[in-house]
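# Chain and residue survey
Listed below, chain by chain, are the residues.
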Amino acid sequence: MVNKYTSMAYAKADDMLFGQSKFPVKAGLGLEIGAGYTTPELNYAPRPQAGKSMEKLVKEYERITTDAMARMVQIGAPSIVLETEHVEQMSNNPSWGAAVAHAQKTIMEEYHDEYGIKCALRHTIGDIREDRDYLQLRGDKYNTFMEAFEECAKAGADLLSVESMGGKEVFDYSILRNDTAGMLFGIGVLGSMDMEMIWADIAAIAKKTGTVCAGDTDCAQANTAMFIAGGLLDKNLAHTTAIVARAISAARSLCAYEAGAVGPGKDCGYENTIIKSISGVPIAQEGKTSTCAHSDLMGNLTMQCCDLWSNESVEYHGEFGGTTVQCWSETLAYDCSMMNVALKTGKAKDLRDILALSDKFRDPQGYVLAYDNAYKVGEAIAKDGNNNYLRSKNAAIESCKIVEEGVNSGKLRLTRFEASALAKVKADLVALTDDADKFMSDNLTKFKQEVAVFRPENYGL
Amino acid sequence: MLDLKLEDIDGILVRYNVALEKEMTPDEAAEELYPKDELIYPVAKAIYEGEEDDVVDALQAAIDAGKKPIDLIDDALMVGMGVVTQLYDEGIIFLPNVMMSADAMLNGIEYCKSKTTDVPESKGKVVCHVAEGDVHDIGKNIVAALLRAAGYDVIDLGRDVPVDEVIQAVTKEKPILLTGTALMTTTMYAFKEINDKLLEKGIKVPFACGGGAVNQDFVSQYDLGVYGEEAADAPKIADAIVAGTTDIAALREEFHKH
Ligand code: B12
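This report concerns the structure included in the present document. Remember, predicted model here, so these are calculated numbers, not experimental data. (Residues numbered from 1 in each chain as written. Chains lettered and ligands numbered in written order. Predicted model: local features only at pLDDT ≥ 70, side-chain atom pairs only at ≥ 80, totals over all residues. Heavy atoms only, no water.)

### A look at the sheet that holds strand β7 (residues 212–215) of chain A
Residue and element names in this part refer to chain A. Read from one edge of the open sheet, 7 strands run β7-β6-β5-β4-β3-β9-β8, paired in parallel fashion. Edge positions in the sheet fall to β7 and β8 (284–286), since each has one partner strand and no second. Shown here is a sheet whose adjacent strand axes are inclined to one another by a mean of 30°, direction ignored. Pairing geometry for strand β5 (residues 118–125) and strand β6 (residues 159–162), over 4 bridges, is parallel. When the sheet's bridge partners are listed, T124 is paired in β6 with S161. Helix-sheet contacts for helix α1 (residues 54–74) involve β3 (39–44), β4 (79–85) and β5, and the interaxial angle to β4 is about 160°. (Pairing = 2+ DSSP bridges. Helix = DSSP H or I, 4+ residues; strand = E, 2+ residues; numbered from the N terminus. Axes fitted to C-alpha atoms, helices over the stretch in contact; angles between N-to-C directions. Contact = heavy atoms within 4.5 Å.)

### Quick look at the site of the ligand
Around the ligand lies a shell of 38 residues, among which D172 of chain A together with V135, H136, D137 and T181 of chain B are the nearest. Near the ligand, the surrounding residues are drawn from chains A and B. Measuring from a nitrogen atom of the ligand, one finds a side-chain N or O atom of K168 of chain A at 3.5 Å. Within the backbone of I138 of chain B, one N or O atom sits 3.5 Å away from an oxygen atom of the ligand. By residue number, the principal contributor to the shell around the ligand is helix α8 (residues 138–149) of chain B, which donates 4 residues. Looking at the shell around the ligand, its residues break down into 13 nonpolar, 17 polar and 8 charged. (Near = heavy atom within 4 Å. Polar contact = N/O pair within 3.5 Å; in protein donor to acceptor, adjacent residues only side chain to side chain. Nonpolar A, V, L, I, M, F, W, Y, C, P; charged D, E, K, R; others polar.)

### Structural notes on the packing of helix α4 (residues 40–49) of chain B against helix α6 (residues 69–89) of chain B
Any two packed helices are characterised by the angle at which their axes cross and by the distance between the axes. Residue and element names in this part refer to chain B. Two elements in contact, α4 and α6, have axes whose closest approach is 8 Å; the angle formed by their N-to-C orientations is 45°. One element, α4, and the other, α6, form an angle in the oblique class. Of the two elements, α4 crosses α6, and the hand of that crossing is right-handed. Facing I40, V43, A44, I47 and Y48 of α4, the residues of α6 in contact are L72, D75, A76, L77, G80, M81, V84 and L87. Class assignment of the residues belonging to the contact of α4 with α6 gives a composition of 11 nonpolar, 1 polar and 1 charged. (Parallel < 35°, antiparallel > 145°, perpendicular 65-115°, else oblique. Left-handed = near helix turned anticlockwise from the far one by under 90°.)

### Describing the interface of chain B and chain A
Each partner contributes residues to the interface: chain B has 43 residues there, and chain A has 43 residues. In total, about 3800 Å² of surface goes out of reach between chain B and chain A, with carbon and sulfur atoms giving 58% of it. Among the residues of chain B in contact with chain A, M1, R15 and F94 of chain B are the three that bury the most area, contributing 21% of the side total. Taken together, the links from chain B to chain A amount to 7 salt bridges. (Buried area = accessible area lost by both parts, 1.4 Å probe. Salt bridge = Lys/Arg side-chain N within 4 Å of Asp/Glu carboxyl O.)

What follows is the structure in structure tokens.
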């Protein structure tokens, strides 16, 4: 029986801060995450040719690891997390993933032994549970998927994560058609069901291997919405619709922590401030330091309550200032140094507010994710915490209300288009049933008809 | 929490989208573009609104009044969709509206076909695919939808499509255009292979490539490549080809923006 969150970890939004979480997590070599300081989390991708063989891949990750560790020592950074997001070969062949983890960890141990630098290794297993046409969430690939976690954990990975994809087939269809119920069904219902399944299994592996069951992100859905929404002038999706998807995603990603994960949540989970407010787990975030990987409208704001500060991903190659992993880890480390000074000098709340305010009015997405508002979304989720559907719907409605309040204050300005998209999504939400079973059966019928690739058996339905 | 005064916000960020928003509402703008014919108007309007049932009702009314189903495809459905694409291109409406309208239009075409034995003529065939090893297919789905909306017959090979399967499809279908989408630096090299295998067979079809990882420099490295930055460029490239520009250099001249 999973324990669902029905109350908030923090008594008020103002208690939330970067570098501090209610439940810090010890990991790897001397590191403690969310225990009063922030730590850079570097993420990288091998060059395309490196994937040709296991030997080449291992070599590439050795270079990456050595470069990054060396730079951290050169600039006097006290701590670092390395995140290896698996390329497909590493998860489909767990022995490859394990070989990489082992090679990286060996180098990190050398640096830790020699310099005492606190460090940990996160491996983010690829969600390989699909074949060309269909998701295959429970099919043949499930065993390989779990084996990849276990092998990497045994070989040296300290933190276990994944960006899981449950519900994505329904979501992909719905987001391009402004189908609010479909968004809610894909993320809040199907996504949550899949999360509950996989995270119980990952938690068991973490327990068995003495590693940290870290957390997930709704990259597959909420970030897809954010990317389709794009910049201020893009015309592919209303940003007011994208933030509703994001709010729902918090209810979904929370399921990992209910099934046994303890954080740090994944960097690209822009829903993480909401999750921290409810669960108190430490979180990784990315923002202006991930412009090497994508553009978004909240480069500073996301730093507001982070415990790990990440660059999302960068391809390994040379730059004027060293290799990319050296340049970006250095940028991250200096950002962390600034936050850590703020923490020590009693200025952390001011810095947090400056970060939040610099993007709060830039876009409705940032407005809702500003920690004061994120906290309100958290409350809406916790209110019906036992019911995945209702709490998702609550989060969605709350995010609409927050945007409306922002508009009424005059500070958040919307285009007429965004305003009417907001009105539509809210009207759709308010009209939905409160009965989770009815919602399930209505949407099951509907999406079985409309989405050819939707297979209910993926969710045990 | 610290806060900003209302008057201070403008110095920190500019909501250019709000500042530049067009005066006219989308509905007003659409109203100006609908054809005036009283049998066609309701079809066009129902397409714009994305209401499949209304499209069918309006089509039936036009058929009852003597219009030929086959003509309604070009004269009503495509015209209605033209209104939608024009508004999208002008930044007045957003993509989900286009997708819903395209669904309604395709449904309408099926309906017209079911009412006649005539076979409609398409503007041309386009083969779309996502590179081998790559599952990121939303961009491709948008490309395919916009091409269909523009009246092209789209053969969608899906995602993670092996190079040889693309070659087979092109050999078999003889499209006017092939499109490829790749979002990963690791998968986009498949485009070069496709290019080389097509050339080996002497097939010189323009190969429009796009997607997150792909850039103009990369696409310019192989002979058939034409880079497209936005999904909306795909129907424009196809239109240019139909209008007679089949030379790759000329297409690049027109569509390469950087
Ligand atoms: C959503 C997403 C996913 C979703 C995809 C859902 C789906 N159905 O597509 C999921 C969760 C499945 C996913 C999985 C993975 N992803 Co991913 N994903 C993204 C993300 C966040 C957004 C992509 C997106 O949908 N954009 C919106 C669409 C609309 O944009 P688009 O496709 O580019 O299309 C636009 C234009 O390019 C154009 N266009 C596209 N095609 C064409 C063609 C023509 C002819 C024309 C004219 C125009 C055109 O039209 C569109 C609109 O105008 C990106 C981040 C980023 N920075 O891009 C990462 C990203 C692409 N993913 C990445 C990675 C690494 C992965 C995984 C390997 C992660 C993992 N470890 O499992 C797997 C890949 C599995 C595989 N084998 O493919 C990396 C790729 C890095 C690299 N090597 O290059 C990225 C860049 C993230 C990052 N910064 O690290 N991902």
